[in-house]
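# Examining the three-dimensional arrangement
Each chain, letter by letter, is given below.
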Amino acid sequence: MDELTFDTFGQASGHDLEAFISGLPKVEIHVHHVGSASPRIVSKLASRHKDSTVPRDPEDLAAYFTFTDFGHFVEVYLSVVDLIRTAEDVRLLTYEVARDLARQQVRYAELTITPFFSIEGGIDDAEFMKAIEDARVSAESDFGVMLRWCFDIPGQMGMHAAEETTRLATDDRIRPAGLVSFGLGGPEIGVPRPQFAPFFDRALAAGLHSVPHAGETTGPETIWDALSSLRAERIGHGTNAFRDPSLMAYLAEHRIPLEVCPTSNIATRAVGTMKEHPLKEFHRMGLVITINSDDPPMFGTDLNNEYAVSARLLSLDEQGVAALAKNAVEASFLDRAGKDRISAEIDQYVMSWLAG
């Protein structure tokens, strides 16, 4: 992975911009539930379940989380998923993820959850929902961070997983209060988007938003499929959109946000080097860019670092970084009052910083 350091951004030194980013109020809209488990939490869960292949020593996890390609990443990711075996595990993970988000000044996050694996693994569906909702309510009270959920289909698991995920997302008897959107994750190669259209139709009819992954490891046609068949309102990653000028123009014209995760794309080999990342082209073409961390501990990053990386690639100063942060606010599914509140907080933070 490329090592990126700061030169200068506008009138700010690299050190100053890092400090600015650290204190900047933020919104995160593409971050995975299990993939956000810190080494401390993974170690604790692995110690509970000693038959797991996941290392119990936090210091060994860095090597374990070094991926050869996207397929290897999925394999390792699922081994961590296997650590979530009880409702207590679910609650612990969710609450601790919120703690880590709050440390980065994240005010609101839409956490992507794949309930299929936990339910299939034996956790009662009602108990699963109770665990995440209890953690959500406690996290807002204890840390001041608002959590909402995106339930996503693990596409590689086929139609049974799609049906079960849709049931969990649309059954009013168990559907969690914090659920706002419906997604599609997992490997893209060999998993066509259009086959999931009936499930997305049901989710959208139930009032959820459509946020599938697309174009991360496949070409622009996958993004077109997500837009036409799944009625995507945002695109998870969308890394290869730059290969189709007409798609870039469409995304820009219709203001369809991309959930960009730069370090993730390098770690999974979706992009060769950071210098090759299409973020700069997205910015040049006027696309709505949001910056996100995806599976931060697995990729040795966090949201603050993703903003720093993006600032470096785009040669942004403080106001440019703040504009990225406000993109995420507007692209989120938070209500208008909540968006206005966080945007005003960002503006006040920038004014205070520049005045100081």
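One can find the structure itself at the top, above this paragraph.
Residues numbered from 1 in each chain as written. Predicted model: local features only at pLDDT ≥ 70, side-chain atom pairs only at ≥ 80, totals over all residues. Heavy atoms only, no water.

### Points about the overall build of the protein
- Along the protein, the regular secondary structure elements total 16 helices and 11 strands.
- Taking 2.2 N^0.38 as the reference for a compact globule, 356 residues should give roughly 21 Å; the C-alpha atoms of the protein span a radius of gyration of 19 Å, in line with that estimate.
- Counting only C-alpha atoms, the protein reaches 55 × 45 × 45 Å along its principal axes.
- Look at the contacts in the protein between residues 6 or more apart in sequence, and 72% of them connect residues 24 or more apart.
- When the accessible surface of the protein is split by element, carbon and sulfur atoms take 50% of a total near 14000 Å².
- Looking at charge distribution, the protein has the averaged site of its 32 positive side-chain charges lying 3 Å from that of its 53 negative ones. (Helix = DSSP H or I, 4+ residues; strand = E, 2+ residues; numbered from the N terminus. Rg over C-alpha atoms; globule rule 2.2 N^0.38 Å. Contact = heavy atoms within 4.5 Å. Areas by Shrake-Rupley, 256 points an atom, 1.4 Å probe, with all protein chains shown as cover. Lys, Arg positive; Asp, Glu negative; His and termini not counted. Charge placed at Lys NZ, Arg CZ, Asp CG, Glu CD.)

### Some thoughts on the packing of helix α2 (residues 39-48) against helix α5 (residues 87-103)
- At a minimum axis separation of 10 Å, α2 and α5 run at an interaxial angle of 170°. When the axes of α2 and α5 are compared, the pair comes out roughly antiparallel. Where α2 crosses over α5, the two elements pack in a sense that is right-handed. Contact residues: α2 offers R40, I41, K44, L45 and R48, while α5 offers E88, D89, L92, L93, E96, R99, D100 and R103.
- Partitioning the contact of α2 with α5 into residue classes produces 4 nonpolar, no polar and 9 charged. (Axes fitted to C-alpha atoms, helices over the stretch in contact; angles between N-to-C directions. Parallel < 35°, antiparallel > 145°, perpendicular 65-115°, else oblique. Left-handed = near helix turned anticlockwise from the far one by under 90°. Nonpolar A, V, L, I, M, F, W, Y, C, P; charged D, E, K, R; others polar.)

### Here we look at the nonpolar core
- Core analysis: the biggest nonpolar cluster contains 120 residues, and F20, F151, F196, I235, Y307 and V321 have the highest contact counts within it.
- Take this core: its biggest share by element is 8 residues, from α5.
- Apart from residues no more than four positions distant in its own chain, V321 is found in contact with L17, F20, I21, L24, Y307, A311 and L316. (Core = buried A, V, L, I, M, F, W, Y, C linked by side-chain atoms within 4.5 Å. Buried < 20%, exposed > 50% of the residue type's maximum accessible area, 1.4 Å probe, protein only.)

### Concerning the pattern of salt bridges
- Under the criterion given, the structure shown has 21 salt bridges.
- Residue E345 pairs with R107 through a salt bridge whose shortest N-O separation is 2.6 Å. Here the residue E345 occupies a position in helix α16 (residues 336-355), and R107 occupies one in strand β4 (residues 106-113), the gap between them amounting to 238 residues.
- Looking at R107, the relative accessible area reads 19%, which means it is buried.
- The salt bridge involving R336 is made with D340; its shortest N-O contact spans 3.0 Å. (Salt bridge = Lys/Arg side-chain N within 4 Å of Asp/Glu carboxyl O.)

### Some words on the pairing of strand β3 (residues 26-32)
- Counting buried positions along β3 yields 7 of 7 residues, so the element is predominantly enclosed.
- Bridging between β3 and β4 involves 5 bridges; their strand directions are parallel. Bridging across to β4, V31 finds its partner in L111. (Pairing = 2+ DSSP bridges.)

### Describing the sheet that holds strand β5 (residues 146-154)
- Read from one edge to the other, the open sheet built from 5 strands follows the order β3-β4-β5-β6-β7, with strand pairing classed as parallel. The open sheet has two edge strands with one neighbour each: β3 and β7 (209-210).
- Pairing of β4 with β5 involves 6 bridges; the strand directions are parallel. If you follow I113 over to β5, its bridge partner there is F151.
- In this fold helix α14 (residues 303-314) packs onto β3 and β4, with an angle of close to 105° to the strand it touches most, β3.

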